[in-house]
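# Understanding the architecture of this molecule
This is what each chain is made of:
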Amino acid sequence: MIDNNGSSLLDWKDAFEAGSGAVGGKGWNLARLDRYGFRVPRGGVLTARAYRDFVDHNGLAARLQSASREAEGLDPSDPRLSELANGIMPLFLSGQLPALLEREIRDGLTRWGLVGSPLAVRSSAASEDSPAASFAGIHDSFLNVRGPEAIASAIKACWASVWGPRALVYRRRMGLSADAVTPAVILMAMADAAVSGVAFSCHPASGREDQVFISANFGLGESVVGGTVDPDEYTVHVGFHSLNQSIDSRRIGRKEKKSLPLEAGGTALVDGSPEKDRQALSDDDIIRLTRLVRRVFTCLGHCEQHQDVEWVFDGSEFFLVQSRPVTAVPRYTYPALRNQRTIWSNANFRDTLPMVISPLAWSNMADALDTVLQSVMAASGYPTLPGISRKRLFEGRGYFNVSVIQWENYDSFASPPQRVNTLLGGHHPAIRLPEREPITRLLGRVRRNIAYGKAAKRVRRTVDAEFRRLSACAESDRKRDLSALSDRQVLALWSEMEETYRSAPDVQFALVGSAASYMMLILLLDRFFKGRGEALVNALLAGKETTTSGEQGYRLADLSRTASSDEDARALLIDGERDPLSWRDALPEGSPFRREFSAFLEEFGHRGIYEWDISNPRWREDPSWLLEVIRTNLTNRAADDVERLRQRQAETSDRAWQEVTSRVPFFLRPFLRKLLDGAGQETVQREMARSTLARVVEIGRLMALEAGRRFAGRGLLQRVEDVFFLTWGEIQAVFTGEDTGEGLTALVSDRRVRHRELEKSSPPDYLEEDVPHRAAVDRASGDDVLIGMGVSSGRARGTARLIRHPAEGDRLRHGEVLVAPGTDPAWTPLFLRASALIMETGGMISHGAIVAREYGIPAVINVAGALDILTDGTRVVVDGDEGRVHLEQGTLSSRGM
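Conventions we followed
- Residue numbers restart at each chain and count upward from 1, following the sequence in its written direction.
- Where totals are concerned, whole chains, interfaces and linings use all residues; where local detail is concerned, this predicted model gives features only for residues with pLDDT of at least 70, and gives and counts side-chain atom pairs only at 80 or more.
- Derived side-chain values reflect all non-hydrogen atoms in the structure, with water molecules and hydrogen atoms excluded from consideration.
- Helix and strand labels come from DSSP, where a helix needs a run of H or I of at least four residues and a strand needs a run of E of at least two; each type is numbered from the N terminus.
- Note on method: radius of gyration uses C-alpha positions; expected globular size equals 2.2 Å times residues raised to 0.38.
- With a 1.4 Å probe rolled over the protein chains alone, any residue whose accessible area is under 20% of its type maximum counts as buried; one over 50% counts as exposed, and the rest are partly exposed.
- Only the protein chains shown count as cover for residues, and the accessible areas themselves come from Shrake-Rupley with a 1.4 Å probe.
- By the counting rule applied here, Lys and Arg register as positive and Asp and Glu as negative, while His and the ends of each chain are not counted.
- Lys charges are placed at NZ, Arg charges at CZ, Asp charges at CG and Glu charges at CD.
- Only when DSSP finds a minimum of two bridges between them are two strands counted as paired.
- Should a side-chain nitrogen of Lys or Arg be within 4 Å of a carboxyl oxygen of Asp or Glu, the pair is scored as a salt bridge.
- The convention used is that axes are lines fitted to C-alpha atoms, helices contributing only their stretch in contact, and that angles between N-to-C directions extend from 0 to 180 degrees.
- Contacts are residue-level and defined by heavy atoms, with any inter-residue pair within 4.5 Å sufficient.
- Nonpolar side chains (Val, Leu, Ile, Met, Phe, Trp, Tyr) within 5 Å and like charges within 9 Å form the patches, drawn only from residues with over 30% relative accessible area and no salt bridge.
- We define the nonpolar core as a collection of buried residues of types Ala, Val, Leu, Ile, Met, Phe, Trp, Tyr and Cys that are connected through side-chain atoms lying within 4.5 Å of one another.
- Here the word oblique covers every angle except those under 35 degrees (roughly parallel), over 145 (roughly antiparallel) and from 65 to 115 (roughly perpendicular).
- Crossing handedness is read from the near helix: turned anticlockwise from the far helix by less than a right angle, it gives a left-handed crossing, and turned clockwise, a right-handed one.
- Classes in brief: Ala, Val, Leu, Ile, Met, Phe, Trp, Tyr, Cys and Pro nonpolar; Asp, Glu, Lys and Arg charged; the others, Gly included, polar.
- For a helix, the expected span equals 1.5 Å multiplied by the number of residues minus one.
- We call Phe, Tyr and Trp rings a pair once their centres come within 6.5 Å, taking the six-membered ring for Trp, and we label the pair stacked below 30 degrees between planes, edge-to-face above 60, and tilted otherwise.
- Lysine NZ or arginine CZ positioned within 6 Å of the ring centre and within 35 degrees of the ring normal marks a charge as sitting over the ring.

### Thoughts on the overall build of the chain
Of the regular secondary structure elements, the chain holds 31 helices and 27 strands. On C-alpha atoms alone, the chain measures out to a radius of gyration of 31 Å, which is about the 29 Å that the 2.2 N^0.38 rule sets for 897 residues. Across its three principal axes, the chain shows a C-alpha extent of roughly 95 × 70 × 60 Å. In the chain, buried positions account for 59% of the 897 residues. Looking at the chain as shown, the accessible area adds up to about 35,300 Å², and 49% of this sits on carbon and sulfur atoms. Positive and negative charge centroids in the chain, built from 112 and 119 side chains respectively, lie 4 Å apart.

### Here we look at the pairing of strand β26 (residues 875-879)
In summary, the side chains of a regular strand alternate between the two faces of the sheet. Burial within β26 is extensive, with four of its five residues counted as buried. Two elements, strand β22 (residues 795-802) and β26, share five bridges in a ladder whose sense is antiparallel. Note that in β26 the partner of R795 across the bridge is D879. Bridge count for β26 against strand β27 (residues 884-887) is four bridges, and the pairing is antiparallel. If you follow V876 over to β27, its bridge partner there is L887. In sequence, β26 turns back onto β27 through a hairpin of four residues, with G883 there showing a positive phi of about 70 degrees.

### Comments concerning the pattern of salt bridges
Applying the stated criterion across every chain yields a total of 63 salt bridges. Notably, a salt bridge pairs D487 with R714, separated by 3.0 Å at the nearest N-O pair. Within this pair, whereas D487 is found in helix α16 (residues 487-502), its partner R714 is found in the loop between α26 (669-713) and α27 (728-735), the two being separated by 227 residues in sequence. Where R561 meets D558, a salt bridge forms, and the shortest distance between an N and an O atom there is 3.0 Å. Of this pair, R561 and D558 both sit in helix α20 (residues 548-564), separated by three residues, roughly a single helical turn. Connected via shared salt-bridge partners are D230, E233, R251, R254 and E256.

### A few points about the sheet that holds strand β7 (residues 211-218)
Read from one edge to the other, the open sheet built from six strands follows the order β9-β8-β7-β6-β12-β13, with strand pairing classed as antiparallel. The sheet is open, and its two borders are formed by β9 (246-251) and β13 (318-325), each paired with just one other strand. If you compare each strand with its neighbour and ignore which way they point, the axes differ by 20 degrees on average. Relative to strand β12 (residues 307-313), strand β6 (residues 195-200) runs antiparallel, the two being bridged by six bridges. Residue pairing in the sheet places S196 in a bridge with V312 of β12.

### Concerning the side chain of T683
For T683, the position within the fold is in helix α26. Residue contacts for T683: discarding those within four places in its chain leaves T547 and I850.

### Thoughts on a nonpolar patch on the surface
A cluster of nonpolar side chains, contributed by I439, L442, L443, V446 and I450, occupies part of the molecular surface with about 470 Å² of accessible area. Mapped onto the elements, I450 comes out in helix α15 (residues 439-478). The partly exposed category is assigned to I450, whose relative accessible area is 48%.

### Focus: the environment of L10
Here L10 lies in strand β1 (residues 9-11). Spatially, the C-alpha atoms of L10 and D34 are 13 Å apart, while their sequence positions differ by 24 residues.

### Looking at the sheet that holds strand β5 (residues 183-189)
Strand order in the open sheet formed by five strands is β1-β2-β5-β3-β4, and the pairing between neighbours is antiparallel. The sheet is open, and its two borders are formed by β1 and β4 (141-145), each paired with just one other strand. Averaged over all pairs of adjacent strands, the angle between strand axes in this sheet comes to 25 degrees, irrespective of strand direction. Note that strand β3 (residues 119-125) and β5 share seven bridges and pair antiparallel.

### As for the nonpolar core
Judged by nonpolar contacts, the single largest core of 201 residues is most densely connected at L281, W311, F593 and F597. Per element, the largest residue contribution to this core is 14 residues, and it comes from α26. Once you skip the residues sitting within four places of it in the chain, L281 turns out to touch V195, A216, Y234, I286, L289, W311, F313 and F318.

### Details of the pairing of β7
For β7, the buried fraction is high: eight of the eight residues fall into the buried class. Here β7 shows no split at all, with Q211, F213, S215 and N217 on one side and V212, I214, A216 and F218 on the other all buried. By the bridge criterion, six bridges tie β6 to β7 in an arrangement that is antiparallel. When the bridges of β7 are listed, S196 appears paired with N217. Pairing analysis gives six bridges linking β7 to strand β8 (residues 232-237), with the strands arranged antiparallel. Among the inter-strand pairings, F213 is bridged to a residue of β8, identified as T235.

### Overview of the packing of α16 against α26
Closest axis-to-axis distance for the α16/α26 pair is 11 Å, and the angle between their directions is 165 degrees. On the basis of their axis angle, the class for α16 and α26 is roughly antiparallel. You can see that α16 and α26 cross each other, and the crossing is left-handed. Here α16 contributes D487, V490, L493, W494, M497 and Y501 to the contact with α26, which in turn contributes L693, V696, I699, G700, M703 and R710. Per-class residue counts for the contact of α16 with α26 are nine nonpolar, one polar and two charged.

### As for helix α7 (residues 148-161)
Counted at 1.5 Å a residue, the expected span for α7 with its 14 residues is 20 Å, and the 20 Å between its end C-alpha atoms agrees. With 10 of its 14 residues buried, α7 lies for the most part within the structure. What α7 keeps buried is the set I151, A152, A154, I155, K156, A157, C158, W159, A160 and S161.

### Focus on the environment of R532
Structurally, R532 can be placed in the loop between α18 (516-528) and α19 (533-540). The partly exposed category is assigned to R532, whose relative accessible area is 33%. Taking C-alpha positions, R532 is 8.7 Å from E882, a pair spaced 350 residues apart along the chain. With residues up to four places along the chain from it excluded, the contact list for R532 reads D526 and E659.

### Structural notes on the packing of aromatic side chains
In this structure the tally under the stated criterion is 23 aromatic pairs. A ring pair is formed by F54 and W159, whose centres lie 4.9 Å apart and whose planes are at 45 degrees; its orientation type is tilted. One end of the pair, F54, is in helix α3 (residues 48-57); the other, W159, is in helix α7, and 105 residues separate them in sequence. Residue classification places F54 among the buried positions, given a relative accessible area of 0%. Measuring from ring centre to ring centre gives 6.5 Å for Y334 and Y382, while their planes differ by 45 degrees; the resulting arrangement is tilted. Taken together, the positions of Y334 in the loop between β13 and β14 (343-345) and Y382 in the loop between α12 (359-380) and β15 (391-394) put the pair 48 residues apart, joining distant regions of the chain. The pair Y334 / Y382 is uniform in exposure class, with both members buried. One aromatic cluster in this structure is built from W583, F593, F597, F600 and F604. Across the ring face of Y410, the terminal group of R445 is positioned such that the distance to the ring centre comes to 4.4 Å.

Written out as structure tokens, the structure is:
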């Protein structure tokens, strides 16, 4: 829509409301930057309607339609395109602006205080500066335009450039019609340019996403954009949303020329002396610009689409004069993967963060995830490719670069890609491996396997001390009075927490790499029970050790038993209104339940539902879900289930041991027991690593809420919780004074709208580059059997109950089969009620697999489309040994047919 009383000249605010169709991609991006509080020179956009009015006023419509049809029939290399352009462009340059349009321009410049001021007049076509087409250098722009006649001429020249030879050839190559690029024109003040240039939120030459690349020269930026000089080039390491940046390299260019504005209008390239030999930007200003460009990436690119930014520095502040998506980033990957499409999978993300991820959660975890994913390779001495991206967002959801993960595990340890997929879970394909490799690679893999085994042994011995150290640091920070800290001290605490986490490689290893004994057990038993090694190992591990996640399930069952004999607690849970936030006040001090529940929250209160998302409350903040679980356990007699479960665990493990010892020679049994003990210890430590890191996330949440309170108190946010729709980089900018924060309310509002829209979509299971794919349902024997991955031994028959979120857990009745998309520790209490588990995703060492084995319930995971195929009430048999789900009566939902 067009605001501003129907005028064709809109200020930035109205340009945003009008949208890119009216003001073009470049104009709308500038309007968004202005809306979000970035420094954009005063001005606005002459809309596409003005172009159409000009065409009608000068009688050009028929000629342009004819030219458009003629151009669409020509090859991009046909010289007749240039002839066609040469016939059209003069018609624009000699045309007359309608009187009404001239008045609107004059009135607009008066409102903006720009009458008599030099202007930048820039083209802004509808499809320009979009993710699909950048149009970089295709349409004309003009700097230092002075006076009404020069402004009118520059506007007409911008329109004419849409019909220029470059534009016609580009449109033919991109398959775009003239209607798709109806031009608008930007009119804005010239910023005083001490230094100018371009910056990319990724490295445009290498494709590295952990670096920002900056080109700079003294004077106006056209000398850099046009490639007429050798500018300074700075490469800055930014990690993946780290708050700590460092300059990787500086190349001081010759800067033989610089562009300066002329007194009469226009610009000229002049000698770059005397400053050409010195660095154009100071190191401090390079870092400031880097942070600014990264914020453009998070605001305009949603942390998904990298940005190419033109900037101007007036000696004090940076102004943004253009931002466009980077449409052609080189693939930065291992040589063996360059001729294959990169595979991105939501494996594991569907377990831990299946939702659209909040901006603060992504910026909180992105750098840490990269560190975790490299931990095993670092411990094994494998030379990983620096700065390679191992995860990304796609339409707001998380995906792992499984091509890189598969290759690194194969190249380091000779682990087949399919075996890696078994550990990861997910429904993505495997990469192609080289047909021939030199013997030196084999020797390297032997060395790294030995190094990995030593690292795994060392971690089992030392990591418990690291858990205690990290937990103590987190507990100390949790009790700190954050309100007493200055803004910069809060940031320093966040950086300190980041560094504390980085200094705990054993914890990172335990989270993703502690599976050495488990994998060796499978290989050993496969020698005696071909194809059944995994099933037997899973059975042997039933109830072997109690993980922290399993313990919280047992403790909740104990709490239901306590509540059943505590009249006050029973009244609160069953008969009262059960206000979860006032549970402590509703119970007398002598209540046994109050005492035990307080102790539970002291030990497990740092956890929560989908706890890796920093926006989700911890249980000590809001125990509603826990109290609901306890209430449901009361009515389902869950305490009795625990005793039956422990008996089932012992029976499963004993039965498996008897079978194993029937074939494994006696002299191997001590080694077998040692591996079994190691596998149990690894399982416990892996879950403890999750719990320990959840403590770190809790501290991040407390700091975020403190920032939210400060911003809300200063009028920068409407609600404290709005802070979760910011990134840490955006919080940092306000706390350091680099940003006033005046655009945060609008930014949060727009992000909330996008978040809601993305939540409605059904995410793909994996991507090949940017091409989405849904997993094919794997069936056997017609439609009566679904195939997945057996991760916990045994068979169970029951009624399927589809639970999509742990908050729906009260629908699960004793003895039913839990069918879930994936599970994290918040799902654990439901396992006590379930007779078996079916999950749509998950791997051999995912949370669901670990807890199912611990509780001794049969589990089949990675069953594609289970929630679409099965319905509530379907009778199924879950075979955890064979990895199959049998439908007793062949009942499928209509969605699964």
